[in-house]
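Single-letter residue listing:
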Amino acid sequence: MSPDPFFKGVKEWGHYKHRILSKYLTIWVRKLGSRHKTLAFVDSCAGSGYYDDDTAGSPIIAARLNDAPDRGNHARVMVFACEQNDENYARLATALRPWIQRSPQLADALHGPFQLFLESIVQVTERWPTLFFIDPYGMKDVSIDALTPILENQSARKELIVRVPPGILSRWWGRLQERPTSERHARELDAFRRNLEACNVDPAFAEMLKSAEFTGADRQQALLERYLVPIYERFRWVQLVPIKATFTGAPRYFILHATDSPDGCAYLNDVASALRDELYATTEQRRDAALGQGSLFGPLPAPRTVSMRELEELLLEELRHTGGAPWIELRAMLASVFGPEFRKKDHVQALRHLVSRHQARPFEGAEPEDRETVTPA
């Protein structure tokens, strides 16, 4: 049994997260694997490889892609799995042994904190498309300072999926509002200040958030946006996916996806959007079961917080601003703004509406190809 109670079984939100990762990884490997000999998947907090209920964790999900029956002649997927806990590491090394012992090697279990290996991993994978999956408990390992070796690397082949719990930033900021009552307390507050600075929240910005115009929710959003600034500066496409146990529940945290590939942004958005709809259906089924009733017609479509009209308006604005762009880039832009509320079928519907109103030019076929340039009318 794993020494960490976290690994006793996949929590509902963890299951949701792993399905996003698994589905996206499969697409990522299929799309890039035909053009590259080697791909790399880096897991910062690999745990023991499996949960205690034998559910595969992220390093095993990635390693198994090397054995997919439809893999064909695609690239090998080299898995770098980092784990600091001694017992977890021993179990991880055993779980990955079938791939570690392959020739060529397909996995490496690294014993120690992720930051100890990050710079060397970035160097080793310099020429490989690399997906970093950084999924720690808190914020320290995903601070801007911690991510610096990735953010300073300008290769378009680097991609991030990061677990971001913005509530921690708010708690750190809240602790800074305390008056120190002892020398030890003062040291603790100074540690919170340093944590925020590592996340791109300097003292001046933290002080500004004391203004009465900021409510608790506004302050948390401002802290999150401040944290994201260097990531937006480094990557062309960035999106946040809320991870939660039920459709109506508050997010436990966000999955941050950052990439220079419009394909990656659009495809991950499609995966997250489909799972969002599934989550809504599951939530409604549980509600009906609790009420002792059922529906003859199944659940209604998942509700949205923005309208299709807003989607169309943003698409038209981008077309007029750019004078035209490849369809995949327009989809990536919509995904980065609206996130999983909309996916490919919605993007296509919005474009069709613009064409029907003579605001965009007709496209070839039933829907535009990814590389086809879409222009305003």
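Residues numbered from 1 in each chain as written. Predicted model: local features only at pLDDT ≥ 70, side-chain atom pairs only at ≥ 80, totals over all residues. Heavy atoms only, no water.

(A) Highlighting the overall build of the chain. A count of helices and strands for the chain gives 13 helices and 9 strands. The globule rule puts the C-alpha radius of gyration for 377 residues at 21 Å, and the 22 Å found for the chain is close to it. Residue burial in the chain is summarised as follows: out of 377 residues, 51% are buried. Here the analysis covers contacts within the chain between residues at least 6 apart in sequence; of these, 72% occur between residues at least 24 apart. When the accessible surface of the chain is summed, it comes to about 18400 Å², and 50% of that surface belongs to carbon and sulfur atoms. (Helix = DSSP H or I, 4+ residues; strand = E, 2+ residues; numbered from the N terminus. Rg over C-alpha atoms; globule rule 2.2 N^0.38 Å. Buried < 20%, exposed > 50% of the residue type's maximum accessible area, 1.4 Å probe, protein only. Contact = heavy atoms within 4.5 Å. Areas by Shrake-Rupley, 256 points an atom, 1.4 Å probe, with all protein chains shown as cover.)

(B) How the structure looks around unusual backbone geometry. Of the consecutive residues S103 and P104, the connecting peptide bond is found in the cis state with omega at 0°. Phi at N200 takes a positive value of approximately 75°, unusual for a residue other than glycine. Tracing the sequence through the fold places N200 in the loop between helix 7 (183–198) and helix 8 (203–208). Given a relative accessible area of 24%, N200 falls into the partly exposed group. In this model, H358 sits at a positive phi of 60°, which is unusual for a non-glycine residue.

(C) Representation of the packing of helix 6 (residues 166–176) against helix 7 within the structure. Between helix 6 and helix 7, the shortest axis-to-axis distance is 9 Å and the interhelical angle comes to 140°. Judged on the interaxial angle alone, helix 7 and helix 6 are oblique. Where helix 6 crosses over helix 7, the handedness of that crossing is left-handed. Contacts from L169, W172, W173, R175 and L176 in helix 6 reach H185, E188, L189, F192, R193, N195 and L196 in helix 7. Classifying every residue of the contact of helix 6 with helix 7 by side-chain character gives 7 nonpolar, 2 polar and 3 charged. (Axes fitted to C-alpha atoms, helices over the stretch in contact; angles between N-to-C directions. Parallel < 35°, antiparallel > 145°, perpendicular 65-115°, else oblique. Left-handed = near helix turned anticlockwise from the far one by under 90°. Nonpolar A, V, L, I, M, F, W, Y, C, P; charged D, E, K, R; others polar.)

(D) Seen up close, the layout of surface pockets. Of the pockets and cavities examined, the largest pocket occupies roughly 750 Å³. What lines the largest pocket is a set of 31 residues, and nearest its centre among them are L240, P242, F254, F338 and P340. Of all the elements in the fold, those that place two or more residues in the lining of the largest pocket are helix 9 (216–234), strand 6 (237–243), strand 7 (253–259), helix 10 (262–291) and helix 12 (327–338). The element that contributes the greatest number of residues to the lining of the largest pocket is helix 9, accounting for 7 residues. Among the residues making up the lining of the largest pocket, the classes are represented as 20 nonpolar, 6 polar and 5 charged. (1 Å grid on protein atoms, 1.4 Å probe; cavity = no way out; pocket = protein on both sides within 12 Å on 5 of 7 lines; lining within 4 Å. Points joined across faces, edges and corners; volume = space filled by probe spheres on them.)

(E) Representation of the pattern of salt bridges. Across all of its chains, the model carries 25 salt bridges by this definition. Where R226 meets D202, a salt bridge forms, and the shortest distance between an N and an O atom there is 2.4 Å. Highlighted residues: R226 in helix 9 and D202 in the loop between helix 7 and helix 8, separated in sequence by 24 residues. Between D260 and R234 there is a salt bridge; the shortest N-O distance is 2.8 Å. Of this pair, D260 sits in the loop between strand 7 and helix 10 while R234 sits in helix 9, and the two are 26 residues apart along the sequence. Note on D260: relative accessible area 22%, which makes it partly exposed. (Salt bridge = Lys/Arg side-chain N within 4 Å of Asp/Glu carboxyl O.)

(F) How the structure looks around the environment of K344. As for its position among the elements, K344 is in helix 13 (residues 344–356). For K344, a relative accessible area of 30% gives the class partly exposed. Sequence-wise, K344 and L334 are 10 residues apart; in three dimensions their C-alpha atoms are separated by 9.8 Å. With residues near it in sequence (within four places) discarded, K344 still touches D270, R331 and E367.

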